[in-house]
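Overview (structure and organization)
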Amino acid sequence: MYDKAQCKILFQIIRVSLFDSDEFEINAEADWKLIYRISREHKIHTILCRGLEKISSKDKIPEKMIGKLEELWQIERAKDAVQKYSIDEILDAFEKDKIDCVPLKGIYMKEFYPDSSLRTMSDLDIFYRQGDEEKVLVSKGYVFDHDGPHHDVYQRKPFMNVEMHHHLTDGDPVAEKYYKDVWTTKVHLKKGYTSIYEFSWEDYYIYMLVHLAKHIKLGGSGIRSIIDIKIFLDKKKEELNWDYVKEELKKLHLSQFEYWMRQLSEVWFGTEKTTPLYDELTEFIVDSGTYGTIKNYHASHVVELGGKNQNLSVGKIRSKLEIIFLPYEGMQEQYLYLEKFPFLLPVAWIQRIFRTIVWRKDKITSTLQSTNIEQDRLEKVKKVMDALELFESD
């Protein structure tokens, strides 16, 4: 999907849309089908639409595409209004029932955009620590959909999804340790409330980076994440306590990661010049879609399993062995007796191998094949991960 020339055009349109950039001459070589596809896969179609509306010369832009984008933006405006009403409704109910909670991610980020509907959001993410949240949500018309190790999901037709997070992070030991005392060290009560908490803007930015780093490790994150960084820093950079931010990022081993993401946002939407490394980062992110891809996940996992020396051959072998001999955390979800008797893990492995041979032979074959990543892709991902230093502390 990545095409350097088309991404350059797309980024120019985003500059016009969000960052008051001067209008530019539409390139006759623009591949509008690809630009449209990238915008949809990265959920930035509303931003593309606004940018095209601000460009005076539209004769080179397909009218059908503009019409479709305008239609999609109208849908997002309606969703945005419902989401705003819904988050206020939920937070008021949690405040009334004394359920401590912190609204997360896009709920706040939306408000930094020129128009909140430009920042699409699939779920309402809320971190909480006590109370009968299910009772409250059911009383508002939500239905419990499924639970998970880190959050539970509730839905209300036609499109409302709420993720109730009982953990801020998804298993990263460094981040887990950092946020161990989150309620007393990283959040504070919102003015005028007794149960609704919020981050300082410094800690909001830090959590934004922690969340982004997780997605990069697990297969990538999209253009929207880099737009968020640029939008946020344009609004808050001058008032942030950067000494505090830098010190906290050191604890999380994210200093280099923050630097490269911040610089990349300026390469795309500011005045920084690109380099071969920024081009590699751009390709990785553009090819990731909004939430990453399986191919990128397997490639980054091979790099991670290669150890501190990031030996790709070792990583390839370990990734295949890991599929057969699933780690304890994954095995525990399938074989519940391991919770009481963890020493029986080898027995569970044997049980799983026999079950797979008998019932799921085709699936294990296809899964093993999905880990066969081209050497060129592995080398590119390794270069990106080396620069970001995301596996340095593992």
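Preceding this paragraph is the structure being described.
My aim in this report is to walk through the structure given alongside it, one point at a time. Just so it is clear, the structure is predicted and the values come from calculations on it, not from any experiment.

About the cut-offs
Residues numbered from 1 in each chain as written. Predicted model: local features only at pLDDT ≥ 70, side-chain atom pairs only at ≥ 80, totals over all residues. Heavy atoms only, no water. Helix = DSSP H or I, 4+ residues; strand = E, 2+ residues; numbered from the N terminus. Rg over C-alpha atoms; globule rule 2.2 N^0.38 Å. Buried < 20%, exposed > 50% of the residue type's maximum accessible area, 1.4 Å probe, protein only. Contact = heavy atoms within 4.5 Å. Areas by Shrake-Rupley, 256 points an atom, 1.4 Å probe, with all protein chains shown as cover. Pairing = 2+ DSSP bridges. Axes fitted to C-alpha atoms, helices over the stretch in contact; angles between N-to-C directions. Patch = residues over 30% accessible without salt bridge, like charges linked within 9 Å, V, L, I, M, F, W, Y side chains within 5 Å. Salt bridge = Lys/Arg side-chain N within 4 Å of Asp/Glu carboxyl O. Parallel < 35°, antiparallel > 145°, perpendicular 65-115°, else oblique. Left-handed = near helix turned anticlockwise from the far one by under 90°. Nonpolar A, V, L, I, M, F, W, Y, C, P; charged D, E, K, R; others polar.

Here's the deal with the overall build of the protein chain
Counting secondary structure elements, the protein chain contains 19 helices and seven strands. Against the globule reference of 21 Å for 394 residues, the protein chain gives a C-alpha radius of gyration of 23 Å, in line with a compact fold. Structurally, the protein chain occupies a C-alpha span of about 70 × 55 × 45 Å along its principal axes. Burial statistics for the protein chain: of 394 residues in total, 50% are counted as buried. If you take every contact in the protein chain between residues at least 6 apart in sequence, the share linking residues at least 24 apart comes to 68%. On the protein chain, roughly 19900 Å² of surface is accessible, and the fraction owed to carbon and sulfur atoms is 52%.

Quick word on the sheet that holds strand β3 (residues 143-146)
Here five strands make up an open sheet; going across it, the order is β1-β2-β5-β4-β3 and the pairing mixed. A strand with exactly one partner marks an edge of an open sheet, and here the two such strands are β1 (101-103) and β3. Averaged over neighbouring strand pairs, the angle between their axes works out to 30° when direction is ignored. The sheet contact formed by strand β4 (residues 151-156) and strand β5 (residues 160-165) spans six bridges and is antiparallel. Within β5, the position partnered with Tyr154 by the bridge is Val162. In the packing of helix α4 (residues 63-96) onto the sheet, the strands contacted are β1, β2 (124-128), β4 and β5, and the crossing angle to β2 comes to about 15°.

Section: a nonpolar patch on the surface
Taken together, the side chains of Ile317, Leu321 and Phe325 make up a nonpolar region of the molecular surface, amounting to roughly 280 Å² of accessible area. Relative to the elements of secondary structure, Ile317 occurs in helix α15 (residues 312-324).

Looking at the packing of helix α9 (residues 201-217) against helix α10 (residues 223-236)
Two numbers describe how α9 lies on α10: the axes approach to 11 Å, and their chain directions differ by 165°. Taken as axis vectors, α9 and α10 run roughly antiparallel relative to one another. Crossing hand, α9 versus α10: left-handed. Two secondary-structure elements touch here, α9 through Trp201, Tyr204, Tyr205, Met208, Leu209 and Leu212 and α10 through Ser225, Ile229, Phe232, Leu233 and Lys236. For the contact of α9 with α10, a count of residues per class yields nine nonpolar, one polar and one charged.

Some thoughts on unusual backbone geometry
Following Lys157, the chain continues to Pro158 via a peptide bond in cis, the omega torsion being 10°. If you trace the backbone, Pro158 turns up in the loop between β4 and β5. With a phi angle near 55°, Lys43 is a residue other than glycine that sits in the positive phi range. Note that Lys43 resides in the loop between α2 (32-41) and α3 (45-53). You will see that His253, though not glycine, has its phi angle at about 60°, which is positive. With respect to the helices and strands, the residue His253 is situated in the loop between α11 (242-251) and α12 (255-269). Taking relative accessible area as the criterion, His253 reaches 39% and is therefore assigned partly exposed.

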